[in-house]
Amino acid sequence: MKKINWGTGVFIAFATFMGFILTFVFLVQSDSKYDNELVVEDYYKYETGLQKELNKEENALELADKIRFEENDNGLKIQFPKTFDYKKITGKVSLYRPSSQKLDFEIPISLSSSDLLIPKSDLAGGRWDIIVDWEFNGVGYLDKKQLTIDIK
């Protein structure tokens, strides 16, 4: 029986380790359980609208009566400024779930009072990033909030 010299042993150990690592890389990339999704579709197109978004955020910060977010037994209530005519408020509410893109959804703003209620049945427990992109009398506003919803 011939002995293996140390150079061959190092090469075999290195090749075995690389094979081990590459096997796990392949398994993670091919398994749908490990979903490697982007948080936002068309990220670069989204990034070009950043200045408009910053202007809207500044408009929202300058309001004396700001949007309020309140979690209650019925769901998540978003209260728009009482000083604004709710019939003239338009826009959308985007709810992003950082842990799963499959739970993300958007709601168009259609108000019958100054409050918008998102039912608890539409929300899973955990962290949500909420973006309210709305307009009143031609002026855009943007409010962002991170909430942890507790489903009981």
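Please refer to the structure higher up on the page.
Residues numbered from 1 in each chain as written. Predicted model: local features only at pLDDT ≥ 70, side-chain atom pairs only at ≥ 80, totals over all residues. Heavy atoms only, no water.

**Points about the nonpolar core**
Convention followed: What is meant by a nonpolar core is a set of buried Ala, Val, Leu, Ile, Met, Phe, Trp, Tyr and Cys residues, joined one to another through side-chain atoms within 4.5 Å. Summary of the burial criterion: residues with accessible area below 20% of their type's maximum are buried, those above 50% are exposed, and those between are partly exposed, where the area comes from a 1.4 Å probe applied to protein chains only. Numbering of helices and strands runs from the N terminus; a helix is a DSSP stretch of H or I covering at least four residues, while a strand is a stretch of E covering at least two. Any two residues whose heavy atoms approach within 4.5 Å are treated as being in contact.
Core analysis: the largest hydrophobic core is formed by 25 residues, its most contacted members being Ile78, Phe80, Val93, Ile130, Val132 and Trp134. Contributing elements (two or more residues each) for this core: strand S2 (75-79), strand S3 (89-96), strand S5 (115-119), strand S6 (126-136) and strand S7 (139-149). Considering every element that reaches this core, the biggest residue donor is S6, with five residues. Once residues within four sequence positions are removed from consideration, Val132 is found in contact with Ile67, Phe69, Ile78, Phe80, Lys92, Val93, Ile109, Tyr141, Leu142 and Asp143.

**Topic: helix H1 (residues 6-30)**
Keep this limit in mind: Take the residue count of a helix, subtract one, and multiply by 1.5 Å to get its expected span. Identification of polar contacts relies on pairs of N or O atoms within 3.5 Å, with a donor-acceptor requirement for protein atoms, meaning one able to donate a hydrogen and the other able to accept it, and with residues adjacent in sequence counted only if both atoms are side-chain atoms.
Over its 25 residues, H1 extends 36 Å from the first C-alpha to the last, a length consistent with the 36 Å expected when each residue adds 1.5 Å. One side-chain oxygen of the residue at the start of H1 lies 3.2 Å from the amide nitrogen of Gly7, identifying that residue as Asn5.

**Here we look at the pairing of S3**
We count it as follows: If DSSP finds at least two bridges between two strands, the strands pair.
Relative to S6, S3 is paired through eight bridges, and the arrangement is antiparallel. Bridge assignment links Tyr96 to a residue of S6, and that residue is Asp129. Here S3 pairs with strand S4 (residues 105-108) via four bridges, running antiparallel. If you follow Ser94 over to S4, its bridge partner there is Glu106.

**Re the sheet that holds S6**
Put simply, the rule reads: All axes are obtained by fitting lines to C-alpha atoms, using only the stretch in contact for helices, and the reported angles, taken between N-to-C directions, cover 0 to 180 degrees.
The sheet built from four strands is open, its strands ordered S4-S3-S6-S7 with antiparallel pairing. Strands at the two margins of the open sheet, each flanked by one partner only, are S4 and S7. Averaged over all pairs of adjacent strands, the angle between their axes in this sheet comes to 15°, without regard to strand direction. Where S6 and S7 come together, 11 bridges link them in antiparallel fashion. Pairing of Asp133 across the sheet is with Leu142, part of S7. Of the strands in this sheet, S6 and S7 are in contact with helix H3 (residues 50-62), which crosses S7 at around 80°.

**Quick word on a nonpolar patch on the surface**
Selection rule: Each patch groups residues whose relative accessible area exceeds 30% and which form no salt bridge, using 9 Å between like charges and 5 Å between nonpolar side chains of Val, Leu, Ile, Met, Phe, Trp and Tyr. Surface accessibility follows the Shrake-Rupley procedure with a 1.4 Å probe radius. Residue values consider only the protein chains on display as shielding. Salt bridges are defined as contacts in which a side-chain nitrogen from Lys or Arg sits within 4 Å of a carboxyl oxygen from Asp or Glu.
A cluster of nonpolar residues, Phe14, Phe17, Met18, Phe20, Ile21, Leu22, Phe24, Val25, Phe26 and Leu27, forms a patch on the protein surface that exposes about 1000 Å² of accessible area. Relative to the helices and strands, Met18 resides in helix H1.

**Some remarks on the pattern of salt bridges**
Any two side chains of opposite charge can pair, so long as their charged atoms come close to each other. A complete count under the given rule lists eight salt bridges for this structure. A salt bridge links Lys82 to Asp115, with the nearest nitrogen and oxygen atoms 3.8 Å apart. With Lys82 in the loop between S2 and S3 and Asp115 in strand S5, this residue pair connects regions lying 33 residues apart in the sequence. Looking at Lys82, the relative accessible area reads 53%, which means it is exposed. Close ionic contact of Glu106 with Lys92 constitutes a salt bridge, the shortest N to O distance being 3.5 Å. Residue Glu106 is found in strand S4, and its partner Lys92 is found in strand S3; the two are separated by 14 residues along the sequence. By relative accessible area, Glu106 is classed as partly exposed at 46%. When salt bridges with common partners are traced through the structure, they connect Glu53, Glu57 and Lys144 into a single cluster.

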